[in-house]
Structure formats: structure tokens, C-alpha cells
Amino acid sequence: MKLIGITGGVGAGKTEVLRLLKELCRCRVLLADEVGNEVKLPGQPCYERLVELLGRQVLAADGTIDKKKMAGMIFSDPFLLDRVNDIIHPEVKRYILEQVECERKKGEADYFFLEAALLIECGYEAILDELWYIHADEPVRAARLKESRGYSEEKIRQIFESQLSEADFRAHCGVVIENNGDLQETRRQLEAALHRNRALHQNAEDFRQQDKGEKRL
């Protein structure tokens, strides 16, 4: 099973890419944001530490951490954002590694796709076999965020500025998928990337078998 990270800026269309990948191969998909939400729930590892850091004003009426309130506090304060990340990301990584090991033992998936915008910043390259960058032009991303989430131009600008540049993403990722709106083209790129992976895997397996044969001789 190959462990592949799916990353890119907000609005790049990573969710749609993952939907296509589920159609194209046997895979397990895990969204780091969903794991992040899980570890912030009451009784979970990060809850008390986040409330202590951000204050009880971050809580919703039901006692859970209000995602919108927390986002409003941390996106305008880089230092606070770093402290929150230091609390959440180690627990998220621990959970992810547990799930990867579980899938390897089951042996049913050919790929494990891990999606997160912060894979590079959080050091996931050390555990990933590959890192794929889902790219979309900034105007396309901004239009998607306005339509799907109702974000203002100011909020979009703040989010874009808080994330890695396109050059940084490209420097770290071995595969780039262009996703500006033509889903058939996106699908074609994904099929090509998966085909390359299968070919490389087969070549590596052939080499191992050949090497075993030579050692027996």
C-alpha cells in the first residue's frame, strides 16, 4: 500500500480530486481536518489545552469548541495560530499513523490518500511515499470560496497569505495536478499519475524477484 499526501491551497478542489480517486483505485481516504475536529471534542486529547489557551469564549453553547470562533481568533494572530497547531498536529499525526498501520494490516487498499493543506509545514513528508499538489489559479480558488463558503475578499486574502506559496508547494511535491475546472482533464491527470505508480511498483517488484534469483544462484 502506498501512502500519498494530497495537498494544496484552500479552494484548490482537493475534495473533488479525492472523489475521483475513489472511483479510480482501491484506496482509503483520510482528511486531516476531520481528524483535527475529532481531537478537539470534549474528552479528547486537545480539548482542555485549547480551552486553556483560547479562553472559554471559544466555546459554543453546547460546550464544544466553536470552529468559526477559533478560526477568527487564530487567523489574525500568527503566534496564536502556531500555538494551536502545536497542540493539535501531534495528536492528528498519531491518529493518522494508527490508521495507516490498520490499513496495512487489512491489506485491502492499494493506496492510502491523506489530505491536508498543511502536510508540508507539519513534516508529513517524512512518512509519505509521495506528495501530490492540487493546483488551481488564485482567481479560481477565490471564486470557489465565495460561492461555496460565502467568504469575503478580505477573509480569502488573509487565508491565502497564511498558506504556502505556489512555488513552495511545487518545490516539495513530486506530482502536480492542475484542477482549474475541467474535471475530465483532472481525471486524465489522475489516471496518468496512478498508471505511473503502478508501473514503478511493478518494476520494483520485478527487480526484487530478479535480485532474489541471482542471490540463490
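Each remark here, short or long, concerns the structure printed above.
Report follows, based on the coordinates. Quick caveat: nothing in here was measured; it's all calculated off a predicted structure.

Analysis parameters
Residues numbered from 1 in each chain as written. Predicted model: local features only at pLDDT ≥ 70, side-chain atom pairs only at ≥ 80, totals over all residues. Heavy atoms only, no water. Helix = DSSP H or I, 4+ residues; strand = E, 2+ residues; numbered from the N terminus. Expected span 1.5 Å × (residues − 1). Buried < 20%, exposed > 50% of the residue type's maximum accessible area, 1.4 Å probe, protein only. Contact = heavy atoms within 4.5 Å. Polar contact = N/O pair within 3.5 Å; in protein donor to acceptor, adjacent residues only side chain to side chain. Core = buried A, V, L, I, M, F, W, Y, C linked by side-chain atoms within 4.5 Å. 1 Å grid on protein atoms, 1.4 Å probe; cavity = no way out; pocket = protein on both sides within 12 Å on 5 of 7 lines; lining within 4 Å. Points joined across faces, edges and corners; volume = space filled by probe spheres on them. Nonpolar A, V, L, I, M, F, W, Y, C, P; charged D, E, K, R; others polar. Phe/Tyr/Trp six-rings, centres within 6.5 Å; stacked < 30°, edge-to-face > 60°.

Along its 29 residues, helix α5 (residues 78-106) runs 41 Å from first to last C-alpha, staying within 8% of the 42 Å computed at 1.5 Å per residue. For α5, the full list of buried residues reads L80, L81, V84, N85, I87, I88, V92, I96, Q99, V100 and E103. In this structure, the buried residues of α5 make contact with β1 (2-7), β2 (27-31), α2 (32-39), α3 (47-54), α4 (67-74) and β3 (111-115). Two to three positions downstream of the cap, the backbone nitrogen of F79 sits 3.1 Å from a side-chain oxygen, assigning the N-cap of α5 to D77. Taken from the residues just after α5, G107 is the one with a positive phi, measuring 70 degrees.

Next up on the list: the nonpolar core. Nonpolar side chains in soluble globular proteins generally cluster together in the buried interior. The biggest cluster of nonpolar side chains holds 35 residues, and the ones touching the most others in it are I65, M70, I88, V92, I96, L114 and Y124. Elements that contribute at least two residues to this core include exactly α2, α3, α4, α5, β3 and β4 (130-135). A total of eight residues in this core trace back to one element, the largest contributor, which is α5. Once residues lying within four places of it in the same chain are set aside, the contact partners of Y124 are H89, V92, K93, I96, L114, L118 and L119.

With that settled, consider the layout of surface pockets. As a volume, the largest pocket reaches approximately 1600 Å³. Every residue lining the largest pocket is counted, 46 residues in all, and those nearest its centre are V10, D33, F75, A117 and R149. Listing elements by their share of the lining of the largest pocket, those giving two or more residues are α1 (14-24), α2, α4, α5, α6 (138-149) and α7 (153-162). Considering every element that reaches the lining of the largest pocket, the biggest residue donor is α5, with nine residues. Across the lining of the largest pocket, the residue classes tally to 22 nonpolar, ten polar and 14 charged.

The next subject is the packing of aromatic side chains. One pass over the structure, following the stated rule, counts three aromatic pairs. Ring geometry for Y133 and F169: centres 4.8 Å apart, planes at 10 degrees, overall stacked. Placement of the pair is Y133 in strand β4 and F169 in helix α8 (residues 166-172), with a sequence separation of 36 residues. Both residues of the pair, Y133 and F169, belong to the buried class.

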